[in-house]
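Take a look at the letters that make up each chain.
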Amino acid sequence: MYERVPLLAAALWWGSLSAIGFVAVPLLFAHLPTPALAGQMAARLFEAQTYISIAAGACLLVFSKRKHAEKPEEWAQAATVFIVLGMLLALLLQFGVAPRIVARQNLPVWHGAGSVMYGVQWLCALAVLLKVAARR
């Protein structure tokens, strides 16, 4: 079971980013009566996603090296940069970008920046998933 935890964490991270960012949030804007209401709900979903991202990333970092091993797992050597970058982007989105979007400060700029950062985080999670899945 120990060997499967990183794969499960990476799959949860990438899958939750995909489901929330590309399915749930667009559906909110398509089906809720006002964009403001959809935006409030989207903010809550993205907040939950931040905590999922941090938990999955922390789990991956913890499991990147076996106890008493001299060096990290083979998958971790290639994935650590993506894990740390993805976690950093999650935190920047939640505590740097999201408050500006909710406050509607220069909305097109902050929404665009947030979308790009979310996309890069999605790519980081995908890279981690592929590296973990490719291990022997």
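Above this text you will find the structure in question.
For clarity, every value in this text was computed on a predicted model and none was experimentally measured.

Draft legend 1. Here's a closer look at the packing of helix α3 (residues 74–102) against helix α4 (residues 107–134). Where α3 meets α4, the closest approach of the two axes is 8 Å, and the angle between their N-to-C directions is 160°. Relative to α4, α3 is oriented roughly antiparallel. Classified by chirality, the crossing of α4 by α3 is left-handed. Grouping the constituent residues of the contact of α3 with α4 by class yields 21 nonpolar, four polar and two charged.

Draft legend 2. Highlighting the packing of helix α1 (residues 5–31) against helix α2 (residues 35–62). Between α1 and α2, whose axes approach to 9 Å, the crossing angle comes to 175°. Judged by the angle between their axes, α1 and α2 are roughly antiparallel. Taken together, the residues of the contact of α1 with α2 break down into 22 nonpolar, five polar and no charged.

Draft legend 3. Quick look at the environment of G39. One can find G39 in helix α2. The exposure class of G39 is partly exposed, given its relative accessible area of 28%. Distance in space between the C-alpha atoms of G39 and F29 is 7.6 Å, their sequence separation being 10 residues.

Draft legend 4. Up close: empty space enclosed by the protein. All chains considered together, the criterion is met by one cavity of 30 Å³ or more. In this structure, the largest cavity occupies an estimated 40 Å³ of space. Lining the largest cavity, in full, are Y2, E3, P6, F63, R66, E73, W75 and R135. Of the residues assigned to the lining of the largest cavity, the class counts are four nonpolar, no polar and four charged.

Quick notes on the rules
- Residues numbered from 1 in each chain as written.
- Predicted model: local features only at pLDDT ≥ 70, side-chain atom pairs only at ≥ 80, totals over all residues.
- Heavy atoms only, no water.
- Axes fitted to C-alpha atoms, helices over the stretch in contact; angles between N-to-C directions.
- Helix = DSSP H or I, 4+ residues; strand = E, 2+ residues; numbered from the N terminus.
- Parallel < 35°, antiparallel > 145°, perpendicular 65-115°, else oblique.
- Left-handed = near helix turned anticlockwise from the far one by under 90°.
- Nonpolar A, V, L, I, M, F, W, Y, C, P; charged D, E, K, R; others polar.
- Buried < 20%, exposed > 50% of the residue type's maximum accessible area, 1.4 Å probe, protein only.
- 1 Å grid on protein atoms, 1.4 Å probe; cavity = no way out; pocket = protein on both sides within 12 Å on 5 of 7 lines; lining within 4 Å.
- Points joined across faces, edges and corners; volume = space filled by probe spheres on them.

Without other data, these values stay purely geometric and don't point to any function.
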